[in-house]
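# Fold and geometry: a report
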Amino acid sequence: MTQLGLPDDIQACLFDLDGVVTKTAVVHAAAWKETFDAFLRSHEGAGARPFDAVADYDEYVDGRPRADGVRAFLESRGIHLPEGTADDPPDALTVNGLGNRKNELLLERIRTGGVEAYEGTLRYLEAVRAEGLRTAIVSSSANCRDVLRAVDAEHFFDVRIDGVVAAERELPGKPHPDTFLAAAHDLGVEPSRAAVFEDAQAGMDAGRAGGFGYVVGLDRVGQRDALYAHGASVVVTDLAELGGKR
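Quick caveat, the model's predicted, so the values are computed rather than measured.

So, about the sheet that holds strand 3 (residues 159-161). The six strands are arranged 3-2-1-4-5-6 in an open sheet whose pairing can be described as parallel. Edge positions in the open sheet fall to strand 3 and strand 6 (234-236), since each of these has one partner strand only. This sheet shows a mean twist of 20 degrees between the axes of neighbouring strands, independent of strand direction. Across four bridges, strand 1 (residues 12-15) lies against strand 2 (residues 134-138) in parallel orientation. Considered in strand 2, the bridge of A12 is made with R134. The sheet contacts of helix 5 (residues 119-130) involve strand 1, strand 2 and strand 4 (194-198), and relative to strand 1 the element is tilted by about 155 degrees.

So, in structure tokens, the structure goes:
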């Protein structure tokens with residue numbers, strides 16, 4: 001293992017955004033809860049079982065493209081809505097409409113509360129870059145570039161594969177490995193020589209399915225066992241635990 005806590009043959013590091021680089025996972029969870037709770041009350045009445053911002057978030061929406069997350073959660077409750085289109089208004093009772101409502105609430109929360117980065121991750125990124133490893137940000141978020149710029153972290157990454165790029169290239173999102181595979185391809189690195197850094201169970205699945213050389217799980221919410229079960233090579237609570245101090 002290197003001083004970065006990675007196997008010796010790793011040449012590139014592929015980082016998720018929310019919950020890995022930035023402290024936005026909790027903001028996403030809150031926006032999803034507000035969106036789904038309002039919909040469930042209108043659909044099932046005041047006695048509707050609310051969205052669980054931990055269990056439901058981890059199982060159905062964390063790390064997935066918005067429409068996939070909406071679809072997966074609604075299916076878990078036996079609810080089926082029309083797909084609609086990507087430009088549906090946020091009050092439309094469609095899969096895309098609910099997803100757009102969530103994004104509207106997310107951006108409002110980010111505007112009012114700001115965005116923070118994990119200092120341990122920023123220090124680790126500095127060490128990774130100093131060692132000459134290639135880097136990519138791989139996120140389902142269509143707001144990825146704006147969030148990176150908000151925390152002055154865009155310069156850490158050679159390649160960006162986010163929700164915008166995935167849509168342009170028609171890449172399925174996590175738990176499919178396609179976005180991570182695209183990042184490795186753009187960096188000119190074989191998947192077996194790349195490490196994936198993720199906090200979501202869907203991200204662990206993607207890392208395992210893509211045949212990546214090392215999959216680092218970030219346990220931010222007490223799901224260590226689940227991350228291992230979904231394919232993590234190692235689980236830490238902060239990337240500072242891997243080393244790479246400078």
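So, on to the side chain of D16. Tracing the backbone shows D16 in the loop between strand 1 and helix 1 (25-44). For D16, a relative accessible area of 6% gives the class buried. At 3.1 Å, the side chain of D16 forms a polar contact with the side chain of K174. If we skip the residues at most four places from it in the chain, D16 touches V21, I137, V138, S139, K174, F197, E198 and D199.

Attention now goes to the packing of aromatic side chains. Summed over all chains, the structure comprises nine aromatic pairs. Plain terms: the ring middles of F15 and F197 are 4.4 Å apart, the flat faces sit at 15 degrees to each other, and that makes the pair stacked. Taken together, the residues span a long stretch of sequence, with F15 in strand 1 and F197 in strand 4 at a distance of 182 residues. Like F197, F15 is buried. Aromatic rings pair up to connect W32, F36, F51, Y60 and F73 into one cluster.

This part takes up the environment of E168. Structurally, the position occupied by E168 is in helix 7 (residues 163-169). Separated by 149 residues in sequence, E168 and G19 place their C-alpha atoms 24 Å apart.

The next thing to look at is helix 4 (residues 95-113). End to end, helix 4 covers 27 Å across 19 residues, agreeing with the expected 27 Å (1.5 Å per residue, within 8%). Against the buried residues of helix 4 lie helix 1, helix 3 (66-76) and helix 6 (144-150). The positive-phi residue at the C-terminal boundary of helix 4 is G114, with phi of around 75 degrees.

Look at helix 1 against helix 3: their axes get within 12 Å of each other, and the N-to-C directions meet at 45 degrees. By the angle between their axes, helix 1 is oblique relative to helix 3. Helix 3 is crossed by helix 1, and the crossing has right-handed handedness. Contacts between helix 1 and helix 3 involve W32, F36, F39 and L40 on the former and, on the latter, R66, G69, V70, F73 and L74. When its residues are assigned to classes, the contact of helix 1 with helix 3 shows seven nonpolar, one polar and one charged.

Take the pairing of strand 5 (residues 214-218) next. The buried fraction of strand 5 is high, at five of five residues. Side-chain alternation along strand 5 places Y214, V216 and L218 on one buried face and V215 and G217 on a second face that is also buried. Note that strand 4 and strand 5 share four bridges and pair parallel. Residue pairing in the sheet places E198 in a bridge with G217 of strand 5. Pairing between strand 5 and strand 6: three bridges, direction parallel. Within strand 6, the position partnered with G217 by the bridge is V235. Between strand 5 and its parallel partner strand 6, the chain crosses via helix 10 (residues 224-229), and the hand of that crossover is right-handed.

To continue, consider helix 5. If you check helix 5, its first and last C-alpha atoms are 17 Å apart, about what twelve residues at 1.5 Å a residue would give, namely 16 Å. When helix 5 is considered as a whole, its buried residues turn out to be G120, T121, L122, Y124, L125, A127 and V128. Where helix 5 ends, the next residue or the one after it, G132, has phi of about 85 degrees, a positive value.

Quick notes on the rules
- Residues numbered from 1 in each chain as written.
- Predicted model: local features only at pLDDT ≥ 70, side-chain atom pairs only at ≥ 80, totals over all residues.
- Heavy atoms only, no water.
- Pairing = 2+ DSSP bridges.
- Helix = DSSP H or I, 4+ residues; strand = E, 2+ residues; numbered from the N terminus.
- Axes fitted to C-alpha atoms, helices over the stretch in contact; angles between N-to-C directions.
- Contact = heavy atoms within 4.5 Å.
- Buried < 20%, exposed > 50% of the residue type's maximum accessible area, 1.4 Å probe, protein only.
- Polar contact = N/O pair within 3.5 Å; in protein donor to acceptor, adjacent residues only side chain to side chain.
- Phe/Tyr/Trp six-rings, centres within 6.5 Å; stacked < 30°, edge-to-face > 60°.
- Expected span 1.5 Å × (residues − 1).
- Parallel < 35°, antiparallel > 145°, perpendicular 65-115°, else oblique.
- Left-handed = near helix turned anticlockwise from the far one by under 90°.
- Nonpolar A, V, L, I, M, F, W, Y, C, P; charged D, E, K, R; others polar.
- Right-handed = clockwise from strand over helix to strand, strands pointing away.

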